Amino acid sequence: MQKDLMRSIRIPDPSRPIEPEAARAAVEPLDGVRGVVWLDRQNLMVMVGGARYRSMQTIDRVCSALSPLGDTLGVVVNVQ
C-alpha cells in the first residue's frame, strides 16, 4: 500500500534508481536523438535533430526506454 501511495503522489522510489550509463545507452538509439548527457543525478538532457523531435512524443519515448532500468519519476527529461 505504501508503494501505491508513493507512486500516486509522484515520489520516486529510491530503491530503483536509474544507472546513468545504461540510460544513455538506452536513449541514444532512439529516432532523432543526437546526444544524451546527464546534467546531474536527476536531469537528463536529450539533444535531438530538429524541431519536429522537440515534443512530448519524444519525452514519452525516452521515458519508455528508461522504464525497464528503474523508476522514471526520479528523472527530469529535457529535450533540446
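That block above? That's the structure.
Some thoughts on the sheet that holds strand E1 (residues 33-38)
Here comes step 1: Taken in spatial order, the three strands line up as E1-E2-E3 in an open sheet, and their pairing is mixed. The outermost strands of the open sheet, each flanked by one partner alone, are E1 and strand E3 (76-79). Pairwise comparison of adjacent strand axes, ignoring direction, gives a mean angle of 20° for this sheet.
Here comes step 2: The sheet contact formed by strand E2 (residues 43-48) and E3 spans four bridges and is parallel. Residue pairing in the sheet places asparagine 43 in a bridge with valine 76 of E3.
Here comes step 3: Against the sheet, helix H2 (residues 20-27) makes contact with E1 and E2, and its axis sits at roughly 170° relative to E1, the strand it touches most.

Rules of the game
- Residues numbered from 1 in each chain as written.
- Predicted model: local features only at pLDDT ≥ 70, side-chain atom pairs only at ≥ 80, totals over all residues.
- Heavy atoms only, no water.
- Pairing = 2+ DSSP bridges.
- Helix = DSSP H or I, 4+ residues; strand = E, 2+ residues; numbered from the N terminus.
- Axes fitted to C-alpha atoms, helices over the stretch in contact; angles between N-to-C directions.
- Contact = heavy atoms within 4.5 Å.

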